[in-house]
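# Reading the structure
Here are the chains, one letter per residue:
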Amino acid sequence: MALKVYINGQLYDKQDAKISVYDHGLLYGDGVFEGIRSYGGRVFRLEQHLERLWESARAIRLEIPLTRQAVSEAIYQTLRANQIEDGYIRLVVTRGAGTLGLDPNRTSDPQVIIITDHIALYPRELYERGLELVTVATLRNHPAALSPRIKSLNYLNNILAKLEGLQAGCSEALMLNFKGEVAECTGDNIFLVRGGALYTPPLDAGILAGITRGVVIELAAEAGISVHEVPLLRHDVYVAEECFLTGTAAEIIPVVKVDQRTIGSGSPGPVTRSLMERFHQLTRSG
Ligand code: PXG
């Protein structure tokens, strides 16, 4: 059975799920998206993902042609059509087809696309052994030029960083902001552990307000672990006892090496492992 993809109210077989080459989503990266997960047939933190999508759309003056309720139902409909319980959902809203030229006023019909599929970002063993990162020269977008809070279809900033990371043999890359502070990775937020407490860059470091980041902050509070959202430097990363990344696709993944420096003991630490366990409980058996 072919995988079904939702576009504007209809389900299409994967090979027939197509949009116009005049769509400004393709021509200019003019659109917004969300990466979401479902666990056991339930969409994880759906309200928060929809809230962020609507905020991203508002920021670029893109009117989503459906209500949140309708998008929510369309997601469940697409999951059911593909019989996916534990899956990955890519929700995309493009500006729609228009004339050549940037003017978004000369477009019509924003496309609402829902892909439901499976994703395994990193091999299982990396969750046990931990990841290696490298700091790359590509700075995270200056928040005054293009807010990293907008999850737009324009991911070149992150892709350039990802290319640099891969070039250096690392599957994730650490990006700094224009002040030289730690921002985030190309598709994940970053946390450090020091003295039993968590440290993570604040949103005004110019990062995406990650939903998994928010979940980890909640889980830490439940576990009695204090969380400090403070500007961090690379030095803070090098001297951290533990480090991990958070993201919808990656969930929580330990980091054991950054710029050739071993972090802590060189294997995933106890705070990281206990948060991974809590996250697993929340998503798999909650
Ligand atoms: N920073 C950036 C730049 C991201 O793109 C995150 C942090 C983590 O946010 P969430 O809300 O997911 O905790 C992201 C999210 C993919 C993929 O296909 C990427 C993301 C999410 C899901 C899938 O590579 N990035």
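Below, the structure is looked at part by part. (Residues numbered from 1 in each chain as written. Predicted model: local features only at pLDDT ≥ 70, side-chain atom pairs only at ≥ 80, totals over all residues. Heavy atoms only, no water.)

Here the focus is unusual backbone geometry. Phi at Asp109 is positive, roughly 55 degrees, even though this residue is not glycine. As for its position among the elements, Asp109 is in the loop between β7 (107-108) and β8 (112-117). Notably, Asp259 is not glycine yet its phi reads approximately 50 degrees, a positive angle. Mapping Asp259 onto the fold places it in the loop between β16 (251-258) and β17 (261-262). (Helix = DSSP H or I, 4+ residues; strand = E, 2+ residues; numbered from the N terminus.)

Tracing the backbone through its elements, the reader meets Gly196 in the loop between β12 (189-194) and β13 (197-200). Put simply, Gly196 and Ile150 are 46 residues apart on the chain and 32 Å apart in space, counted from C-alpha to C-alpha. Those residues in contact with Gly196, other than ones at most four positions away along the chain, are Ile225 and Glu241. (Contact = heavy atoms within 4.5 Å.)

Surveying the vicinity of the ligand reveals 20 residues, the closest of which are Tyr155, Glu184, Ile211, Thr212 and Thr248. Within the side chain of Tyr155, a nitrogen or oxygen atom sits 2.4 Å from an oxygen atom of the ligand. Within the backbone of Ile211, an N or O atom sits 2.7 Å from an oxygen atom of the ligand. When the ligand is considered free in solution it has 530 Å² of accessible area, and contact with the protein chains removes 90% of it. Of the pockets mapped on this structure, the ligand occupies the largest pocket. Both domains that meet at the shell around the ligand, namely domain 1 (4-117) and domain 2 (124-284), each give it at least three residues. (Near = heavy atom within 4 Å. Polar contact = N/O pair within 3.5 Å; in protein donor to acceptor, adjacent residues only side chain to side chain. Areas by Shrake-Rupley, 256 points an atom, 1.4 Å probe, with all protein chains shown as cover. 1 Å grid on protein atoms, 1.4 Å probe; cavity = no way out; pocket = protein on both sides within 12 Å on 5 of 7 lines; lining within 4 Å. Sits in = over half its atoms within 2 Å of the grid points. Domains from an automatic or database assignment.)

Right, let's talk about empty space enclosed by the protein for a bit. The final tally for this structure, using the stated rule, is three cavities of 30 Å³ or more. Here the largest cavity is characterised by a volume of approximately 80 Å³. Every residue along the wall of the largest cavity is listed here: Arg140, Asn141, Leu146, Ser147, Pro148, Ile150, Lys151, Ser152, Asn154, Tyr155, Asn158 and Leu208. Of the residues contributing to the lining of the largest cavity, the split by class is five nonpolar, five polar and two charged. A volume near 70 Å³ is recorded for the second largest cavity. Those elements giving two or more residues to the lining of the second largest cavity turn out to be β3 (31-39) and α6 (211-222). (Points joined across faces, edges and corners; volume = space filled by probe spheres on them. Nonpolar A, V, L, I, M, F, W, Y, C, P; charged D, E, K, R; others polar.)

Next up on the list: the pairing of strand β5 (residues 87-94). Counting buried positions along β5 yields seven of eight residues, so the element is predominantly enclosed. Looking at chain direction, β3 and β5 are connected through eight bridges and run antiparallel. What sits directly across from Val32, in β5, is Val93. Looking at chain direction, β5 and β8 are connected through six bridges and run antiparallel. Bridge pairing links Ile89 to Thr116 in β8. (Buried < 20%, exposed > 50% of the residue type's maximum accessible area, 1.4 Å probe, protein only. Pairing = 2+ DSSP bridges.)

Approximately 630 Å³ is the volume attributed to the largest pocket. At the level of secondary structure, the elements contributing two or more residues to the lining of the largest pocket comprise β3, β5, α5 (156-167), β11 (182-185), α6 and β15 (242-247). With three residues, α5 is the largest single contributor of residues to the lining of the largest pocket. In terms of residue class, the lining of the largest pocket is built from 13 nonpolar, 11 polar and eight charged.

Quick look at the side chain of Arg52 now. Note on placement: Arg52 falls in helix α2 (residues 46-59). Look at Arg52 and you get buried, because its relative accessible area is 9%. Side-chain polar atoms of Arg52 contact the side chain of Glu34, separated by 2.8 Å. Every residue in contact with Arg52, bar those within four places of it in the chain, is listed here: Glu34, Lys151, Leu208, Ala209, Gly210 and Ile211.

A word on the packing of α6 against helix α8 (residues 270-284). The geometry of α6 relative to α8 is characterised by a closest axis approach of 10 Å and an angle of 105 degrees between their N-to-C directions. For the element pair α6 / α8, the angle class is roughly perpendicular. Taken together, the residues of α8 that come into contact with α6 (itself represented by Thr212, Val215, Val216, Leu219, Ala220 and Glu222) are Leu275, Arg278, Phe279 and Leu282. Split into classes, the residues belonging to the contact of α6 with α8 amount to seven nonpolar, one polar and two charged. (Axes fitted to C-alpha atoms, helices over the stretch in contact; angles between N-to-C directions. Parallel < 35°, antiparallel > 145°, perpendicular 65-115°, else oblique.)

Moving on, we come to the sheet that holds β3. Reading across from one edge, β2-β1-β8-β5-β3-β4 is the order of the six strands in this open sheet, with antiparallel pairing throughout. The open sheet has two free edges, formed respectively by β2 (10-13) and β4 (42-43), since each of these has just one partner strand. By the bridge criterion, two bridges tie β3 to β4 in an arrangement that is antiparallel. Note that in β4 the partner of Ser38 across the bridge is Val43. Across the sheet, α2 is in contact with β3, β4 and β5; its angle to β3 comes to roughly 175 degrees.

Structural measurements only, silent on function.
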